[in-house]
Amino acid sequence: IGSLALAQQEMQAERQYPSGTVLKNSYFGVQVTVPKGLQGQFVEQGGVQVLALGNGQGLGGVLFFQNGVAPAAYQRLMSEPFNLGQATFQPAEQPRTQGTTVSVFMQEQSSGAVIQLSALQGQGGSSILAMITSAEGTVEALGPASRLVLGSIRFVNSTIAQAPAN
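Residues numbered from 1 in each chain as written. Predicted model: local features only at pLDDT ≥ 70, side-chain atom pairs only at ≥ 80, totals over all residues. Heavy atoms only, no water.

Here the focus is the sheet that holds strand E1 (residues 9-10). Taken in spatial order, the four strands make up an open sheet running E1-E3-E4-E14, and their pairing is mixed. The open sheet has two edge strands with one neighbour each: E1 and strand E14 (153-155). Pairing between strand E3 (residues 22-25) and strand E4 (residues 30-33): four bridges, direction antiparallel. Within E4, the position partnered with Lys 24 by the bridge is Gln 31. (Pairing = 2+ DSSP bridges. Helix = DSSP H or I, 4+ residues; strand = E, 2+ residues; numbered from the N terminus.)

What follows is the structure, encoded as structure tokens:
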């Protein structure tokens, strides 16, 4: 465990990371290991922090770091159409909850493409909204993609959890 802690890097904006890199976001209390075969890029703009993971061929995920979003808000989000600019995805099922994770498959009607949205709850109000994609854009292909991306995330001590309550 000691060598793992030394290998961690704090996420830095506009920087790319190769597979195997162990990244941390101390504020949100998150550790992400860039999955094998993927690259990562951290972006921070206007207070929004995002880690994009991908292979350039449609497989990957986008992790939105959040604070103060209740599980019920994620349930509502995943029960409504999800607009991504020129594509709108509709829920293909009811959101499902497993432990502290809420997930749903969403389908774009004209192309039939499918994505998975997953919300992972951490400590002290931190959470991650993950949008997971696969090159094939099918539910079957999203299973391995989801395990790859979600399996790379681990919540650790956050500075949110350590901050005094207002």
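After that view of the structure, there is still more to cover.
What follows concerns the environment of Leu 59. Assignment of secondary structure puts Leu 59 in the loop between strand E6 (48-54) and strand E7 (60-67). Linking Leu 59 and Ile 132, residues 73 residues apart in sequence, is a C-alpha distance of 7.8 Å. Apart from the residues lying within four places of it in its own chain, the contact partners of Leu 59 are Leu 38, Leu 53, Gly 54, Thr 133, Ser 134, Ala 135, Ala 145 and Leu 148. (Contact = heavy atoms within 4.5 Å.)

Turning to the side chain of Thr 21, a few remarks are in order. Mapped onto the elements, Thr 21 comes out in the loop between strand E2 (15-17) and E3. Given the relative accessible area of 9%, Thr 21 is considered buried. At 2.7 Å, the side chain of Thr 21 forms a polar contact with the backbone oxygen of Pro 18. If we ignore the near neighbours within four places in the chain, the residues touching Thr 21 are Gln 9, Val 32, Thr 33 and Val 34. (Buried < 20%, exposed > 50% of the residue type's maximum accessible area, 1.4 Å probe, protein only. Polar contact = N/O pair within 3.5 Å; in protein donor to acceptor, adjacent residues only side chain to side chain.)

Our next topic: the packing of aromatic side chains. By the definition in use, this model includes three aromatic pairs. Their ring planes at 90 degrees and their centres at 5.0 Å tell us that Tyr 27 and Phe 28 sit as a pair that is edge-to-face. Ring centres 5.9 Å apart and planes at 35 degrees place the aromatic pair Phe 28 and Phe 65 in the tilted group. With Phe 28 in the loop between E3 and E4 and Phe 65 in strand E7, the pair connects residues that are 37 residues apart, well separated along the chain. Judged by relative accessible area, Phe 28 falls into the buried class, the value being 7%. Clustering of aromatic rings is evident, with ring pairs tying together Tyr 27, Phe 28, Phe 42 and Phe 65. (Phe/Tyr/Trp six-rings, centres within 6.5 Å; stacked < 30°, edge-to-face > 60°.)

What follows covers the environment of Pro 81. As for its position among the elements, Pro 81 is in the loop between helix H2 (71-77) and strand E8 (82-84). On the basis of relative accessibility, which here comes to 49%, the residue Pro 81 falls in the partly exposed class. Separated by 62 residues in sequence, Pro 81 and Ser 19 have C-alpha atoms that sit 32 Å apart.

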